[in-house]
Amino acid sequence: NAWASLTKRRELSLDLGLMRDGEEYDFLSLIFDCIQHGGRRPPLLPSQFAAELETKSFTNGKVDKPLVKRLYEAAFKEQ
């Protein structure tokens, strides 16, 4: 749930996209390079998510974007 994602220790949330090409990692160096600074972000409001979604491309964006937007909004309201 959203509360859990706000309260987990930041080293439990890694951004593997921050890994450097060609780098061999052990556990500590992986944590050091890939920690998301400040921990996990809280979930976006549906309006913020919709705006962010518009910057993304989908294979079938005409159908998929509205569907993803509706699914996110429903899941957000359910929490």
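A brief structural summary. This is a predicted model, so every value here is computed, not measured.

**Digging into the packing of aromatic side chains**
Logical step 1: Under the counting rule described, the total for this entry stands at 2 aromatic pairs.
Logical step 2: Residues phenylalanine 49 and tyrosine 72 carry aromatic rings whose centres are separated by 3.8 Å and whose planes lie at 5 degrees to one another, so their mutual orientation is stacked. Here the residue phenylalanine 49 occupies a position in helix 3 (residues 46-53), and tyrosine 72 occupies one in helix 4 (residues 61-78), the gap between them amounting to 23 residues.
Logical step 3: Judged by centre distance (6.3 Å) and plane angle (25 degrees), the ring pair of tyrosine 72 and phenylalanine 76 falls under stacked. With tyrosine 72 and phenylalanine 76 both in helix 4 and 4 residues apart, this pair spans about one turn of that helix.
Logical step 4: The class for phenylalanine 76 is partly exposed, based on a relative accessible area of 30%.
Logical step 5: Cluster of aromatic residues (ring-pair linked, three or more members): Phe49, Tyr72 and Phe76.

**Comments concerning the packing of helix 3 against helix 4**
Logical step 1: Look at helix 3 against helix 4: their axes get within 10 Å of each other, and the N-to-C directions meet at 155 degrees. The angle between helix 3 and helix 4 places the two elements in the roughly antiparallel class. Viewed along their axes, helix 3 and helix 4 form a crossing whose handedness is right-handed. Counting all contacts with helix 3, which are made through Pro46, Phe49, Ala50 and Leu53, the residues of helix 4 involved are Lys65, Val68, Lys69, Tyr72, Glu73 and Phe76.
Logical step 2: Among the residues forming the contact of helix 3 with helix 4, the class breakdown is 7 nonpolar, no polar and 3 charged.

**Here we look at the environment of lysine 65**
Logical step 1: Along the polypeptide, lysine 65 turns up in helix 4.
Logical step 2: Here lysine 65 falls in the buried class, since its relative accessible area comes to 16%.
Logical step 3: When the C-alpha positions of lysine 65 and alanine 50 are compared, they lie 8.7 Å apart, and in sequence the two are 15 residues distant.
Logical step 4: Setting aside residues no more than four positions away along its own chain, lysine 65 makes contact with Leu53, Glu54, Lys56 and Phe58.

The rules we used
Residues numbered from 1 in each chain as written. Predicted model: local features only at pLDDT ≥ 70, side-chain atom pairs only at ≥ 80, totals over all residues. Heavy atoms only, no water. Phe/Tyr/Trp six-rings, centres within 6.5 Å; stacked < 30°, edge-to-face > 60°. Helix = DSSP H or I, 4+ residues; strand = E, 2+ residues; numbered from the N terminus. Buried < 20%, exposed > 50% of the residue type's maximum accessible area, 1.4 Å probe, protein only. Axes fitted to C-alpha atoms, helices over the stretch in contact; angles between N-to-C directions. Parallel < 35°, antiparallel > 145°, perpendicular 65-115°, else oblique. Left-handed = near helix turned anticlockwise from the far one by under 90°. Contact = heavy atoms within 4.5 Å. Nonpolar A, V, L, I, M, F, W, Y, C, P; charged D, E, K, R; others polar.

Geometry only, nothing functional implied.
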